[in-house]
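What follows is each chain in one-letter form.
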Amino acid sequence: MTALTLSTAGAATLRADALVVGVAKSGKALVVAPGAEAVDQAFDGKLAAVLETLGASGAEGEATKLPAPAGLKAPVVLAVGLGSAPEDGEGYDAEALRRAAGTAARTLTGTKKAAFALPISGAEDAEAIAEGALLGAYAYTAYQDSKNGDARKPLAEVALLGAKPRDKAHKAAAERAQALTEEIKRARDLINMPPNDLTPAAFAAVAQAAGKEHGLKVQVLDEKALAKGGYGGILGVGVGSENPPRLVRIAYTHPEAEKTLALVGKGITYDSGGISLKPAGHNETMKCDMSGAAAVFAAVVAAARIGVPVNVTGWLALAENMPSGSATRPGDVLRMYSGKTVEVLNTDAEGRLVLADALTRASEEHPDAIVDVATLTGAMVLALGNRTFGIMANDDAYRTAIHEIAEEVGEQSWPMPLPADLRKGMDSPTADIANMGERMGGGLVAGLFLQEFVGEGITWAHLDIAGPAFHEGAPYGYTPKGGTGSAVRTLVKLAERTADGEV
Ligand code: BES
Ligand code: ZN
Ligand code: ZN
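Residues numbered from 1 in each chain as written. Chains lettered and ligands numbered in written order. Predicted model: local features only at pLDDT ≥ 70, side-chain atom pairs only at ≥ 80, totals over all residues. Heavy atoms only, no water.

Draft legend 1. Seen up close, the nonpolar core. If you look at the biggest cluster of nonpolar residues, it comprises 59 residues, and the most contacted ones within it are Phe203, Leu263, Phe297, Leu316, Val371, Leu463 and Leu491. No other element matches helix 9 (residues 291-306), which puts 12 residues into this core. Residues in contact with Leu316, not counting those within four places in the same chain, are Phe203, Ala207, Arg246, Leu247, Val248, Gly265, Ala293, Val296 and Phe297. Membership of the second largest hydrophobic core comes to 43 residues, among which are Ile234, Leu384, Leu422 and Phe453. (Core = buried A, V, L, I, M, F, W, Y, C linked by side-chain atoms within 4.5 Å. Buried < 20%, exposed > 50% of the residue type's maximum accessible area, 1.4 Å probe, protein only. Helix = DSSP H or I, 4+ residues; strand = E, 2+ residues; numbered from the N terminus. Contact = heavy atoms within 4.5 Å.)

Draft legend 2. Broad picture of the domain arrangement of the protein. Taken domain by domain, the protein consists of domain 1 (3-162) and domain 2 (185-500). Taking only C-alpha atoms into account, the centre of domain 1 sits 36 Å from that of domain 2. Between domain 1 and domain 2 the total buried area reaches about 1,400 Å² when both faces are included, carbon and sulfur atoms providing 54% of it. Where domain 1 meets domain 2, there are zero salt bridges. (Domains from an automatic or database assignment. Buried area = accessible area lost by both parts, 1.4 Å probe. Salt bridge = Lys/Arg side-chain N within 4 Å of Asp/Glu carboxyl O.)

Draft legend 3. Representation of the coordination of the zinc ion (ligand 2) in the model. Every protein donor of the zinc ion (ligand 2) is listed here as Asp271 (OD), Asp348 (O), Asp348 (OD) and Glu350 (OE), and their distances to the metal cover 2.0 to 2.2 Å. Seen from the zinc ion (ligand 2), its six donor atoms lie at angles of 70 to 168°, and the figure they make is irregular. Motif for the zinc ion (ligand 2), donor spacing along one chain: D-x76-D-x1-E. Under the relative-accessibility criterion, Asp348 is labelled partly exposed at 22%. Taking relative accessible area as the criterion, Glu350 reaches 0% and is therefore assigned buried. (Donors = N, O, S within 2.8 Å, 3.2 Å for Na, K, Ca; no water. Tetrahedral: all angles 85-135°; square planar, octahedral: opposite > 155°, others 65-115°.)

Draft legend 4. A look at empty space enclosed by the protein. Within this structure, the stated rule accounts for two cavities of 30 Å³ or more. In this model, the largest cavity occupies a volume close to 90 Å³. As for the largest cavity, its lining consists of Gly236, Val237, Gly274, Ile275, Asn321, Met322, Ala327, Thr328, Val344, Thr347, Glu350 and Leu353. Considered class by class, the residues forming the lining of the largest cavity number six nonpolar, five polar and one charged. Put simply, the second largest cavity is a space of about 30 Å³. Lining the second largest cavity are Thr260, Ala262, Thr313, Trp315, Ala362, Glu365 and Pro367. (1 Å grid on protein atoms, 1.4 Å probe; cavity = no way out; pocket = protein on both sides within 12 Å on 5 of 7 lines; lining within 4 Å. Points joined across faces, edges and corners; volume = space filled by probe spheres on them. Nonpolar A, V, L, I, M, F, W, Y, C, P; charged D, E, K, R; others polar.)

Draft legend 5. Up close: the site of ligand 1. Not every one of the 16 residues close to ligand 1 is listed here, only the nearest: Lys278, Asp289, Asp348, Glu350 and Gly378. Contacts to ligand 1 include Lys266, whose side-chain N or O atom sits 3.2 Å from an oxygen atom. Asp271 is positioned such that a nitrogen or oxygen atom in its side chain is 2.9 Å from an oxygen atom of ligand 1. Summarising the interface, the protein chains cover 77% of the accessible area of ligand 1, which totals 530 Å² for the free molecule. (Near = heavy atom within 4 Å. Polar contact = N/O pair within 3.5 Å; in protein donor to acceptor, adjacent residues only side chain to side chain. Areas by Shrake-Rupley, 256 points an atom, 1.4 Å probe, with all protein chains shown as cover.)

Draft legend 6. Representation of the coordination of the zinc ion (ligand 3). The zinc ion (ligand 3) binds to the protein through Lys266 (NZ), Asp271 (OD), Asp289 (OD) and Glu350 (OE); the donor distances cover 2.0 to 2.4 Å. For the zinc ion (ligand 3), the six donor atoms are set out with angles of 78 to 173° between them, so the coordination reads as octahedral. One chain supplies every donor for the zinc ion (ligand 3), spaced along it as K-x4-D-x17-D-x60-E. Separating the zinc ion (ligand 3) and the zinc ion (ligand 2) is a distance of 3.2 Å, and Asp271 donates to both of them. Note that Lys266 is positioned in strand 10 (residues 260-271) and Asp289 in the loop between strand 10 and helix 9, a separation of 23 residues in sequence. With respect to class, Lys266 is no different from Asp289; both count as buried.

Draft legend 7. Molecular detail of the pairing of strand 10. Along strand 10, 11 of the 12 residues are buried, which leaves the element largely enclosed by surrounding structure. As judged from the 11 bridges shared by strand 10 and strand 11 (residues 311-321), these two strands associate in the parallel manner. Bridge pairing links Ala262 to Thr313 in strand 11. Following the backbone out of strand 10, through helix 9 and into the adjacent parallel strand 11, one traces a crossover that is right-handed. Here strand 10 runs beside strand 14 (residues 369-374); their pairing, made up of five bridges, is parallel. Residue pairing for strand 14: Val264 is matched across the bridge by Asp372. (Pairing = 2+ DSSP bridges. Right-handed = clockwise from strand over helix to strand, strands pointing away.)

Draft legend 8. Spotlight on unusual backbone geometry. At Asp44, a residue that is not glycine, the phi angle is positive and equals roughly 60°. Positive phi, close to 85°, is recorded for Ala487, a residue that is not glycine. By secondary structure assignment, the location of Ala487 is in the loop between strand 20 (482-483) and helix 14 (488-500).

Draft legend 9. Region of interest: the environment of Ala169. Turning to its location among the elements, Ala169 is positioned in helix 5 (residues 168-192). Taking the C-alpha atoms as reference points, Ala169 and Tyr143, separated by 26 residues in sequence, lie 39 Å from one another.

Draft legend 10. Expanded view of the environment of Ala487. Relative accessible area serves as the criterion here: at 0%, Ala487 is assigned to the buried category. Counting along the chain gives 188 residues from Ala487 to Ala299, while the straight-line C-alpha distance between them is 8.6 Å. If sequence neighbours within four positions are ignored, Ala487 has contacts with Ala295, Val373, Phe389, Glu411, Leu463 and Ile465.

Draft legend 11. Seen up close, the packing of helix 5 against helix 9. Following both chains from N to C, one finds helix 5 and helix 9 inclined at 155°, their axes separated by 9 Å at the closest point. Relative to helix 9, the element helix 5 is oriented roughly antiparallel. The chirality of how helix 5 crosses helix 9 is right-handed. Counting all contacts with helix 5, which are made through Arg176, Ala179, Leu180, Glu182, Glu183, Arg186, Ala187, Leu190 and Ile191, the residues of helix 9 involved are Ser291, Ala294, Phe297, Ala298, Val301, Ala302, Arg305 and Ile306. Looking at side-chain class alone, the contact of helix 5 with helix 9 contains 11 nonpolar, one polar and five charged residues. (Axes fitted to C-alpha atoms, helices over the stretch in contact; angles between N-to-C directions. Parallel < 35°, antiparallel > 145°, perpendicular 65-115°, else oblique. Left-handed = near helix turned anticlockwise from the far one by under 90°.)

Draft legend 12. Fine view of helix 6 (residues 200-214). The end-to-end C-alpha distance of helix 6, which contains 15 residues, comes to 21 Å, matching closely the 21 Å that a straight helix rising 1.5 Å per residue would cover. All of the buried residues along helix 6 are Pro200, Phe203, Ala204, Ala207, Ala210 and Gly211. Seen end-on, helix 6 carries its buried residues on one side only, within an arc spanning 120°. Structural note: helix 6 exposes Lys212 and Glu213 on the side pointing more than 90 degrees away from its buried face. Buried-residue contacts for helix 6 involve helix 5, strand 8 (217-221), strand 9 (246-252), strand 10, helix 9 and strand 11. Where helix 6 terminates, the next one or two residues include Gly215, which has phi positive at roughly 65°. (Expected span 1.5 Å × (residues − 1). Arc of directions from axis to C-beta.)

Pasting the structure below:
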């Protein structure tokens, strides 16, 4: 894990393997961002000019490495773009700082220690830079030969210059960033783990171990307990696999908590589509179909580590969706945990089946709100693209609040409706409801299905993270290839706002 220190040392005097500075666009000119004054002095005040000569513009995502002049204790200076410089009197956008710090950390893969001399005008800036740097310092190498390791080792130590180690707010910001990013990286690791190893039982075992480590109560229902309890949705999805399903409850309680937030995660450890098999080209990345459960798990542990004064109960609905002689067929009817019957028209619409049981079960505990997180539909990816998750809810104010929280923590999201007219497309001649409806608006149809399994009077929101959960393009900012940890920051901030009574 990457270490984080706050340092009052000057940029010129701190020993490090690289010194990170920020640069921005100001009109047509490039300017050096605050925090790097001492570095600029070591360049005789010509750092901006030197960087322009090298072709730097200050654009977001840009990273320019140059040898340090005499007078600096680090051998290398790395200038990262922050985009447009803010207007007078305004600070840099937190997400611009987070992404620039992430770009710097990624560029410095294989480096031991980097000092970050980016603009810090308060604890929020320090937190954003720490988050970006720590999230950028990530590689998934568990299945690669350690011999070719060193050059790919993530940046090992981040020193934040300009952050004050004796300032309460700065210290708290650093501690929160460290805990939060470690858990986001834990979620990424789980998502990236190959599905032959991360079975439902293996995922449940990871949750149990984390529960022990952080004093959380973890209960696991195995396939026998699920059958006894009548969890027809989870069982129906998992019954075709050699790796049986699990339902995990992981609970964090705080002695002063006045509210309880329930989080429900889709945990399909591999989605082949089942008997409605996905065609080649659509299943290569389907190990990511447990990203919702990974996000919920990470958020519960992070909330516990941060000590948020709220109760957070995580529900991980874990199953592997495989075709076989024992698999659920299109046409089968499942009796769900709620008692409702569902005609399975397409076994690839499995996420809503496992979530339905978990939502009913979570509702039995009467939480103040339930938020489910799922890589639920390809339709949501078509609607919002690869970087934005959709938010649906049975309460407009709650949906808006979550959208605003996501924006605040630097996660792209958009509110989506639950149009009642789409419900009739799921009418079934045989059962209470079918697991598929109209193709058009498929993401919203899935949301409407889930809504039927939320307990009366409980505030509920649904995050469809099918787009941003798994990143197939080139890395950018603090976002690596593969599992991203999408929604964790939003969920943890939501827990904090729930504790404050603000949502
Ligand atoms: N896991 C998929 C959704 C998905 C697609 C996640 C792309 C990540 C990236 C889900 O189980 C699924 O297959 N949904 C179907 C539903 C349809 C059969 C009603 C879909 O979206 O096509
Ligand atoms: Zn599917
Ligand atoms: Zn799926």
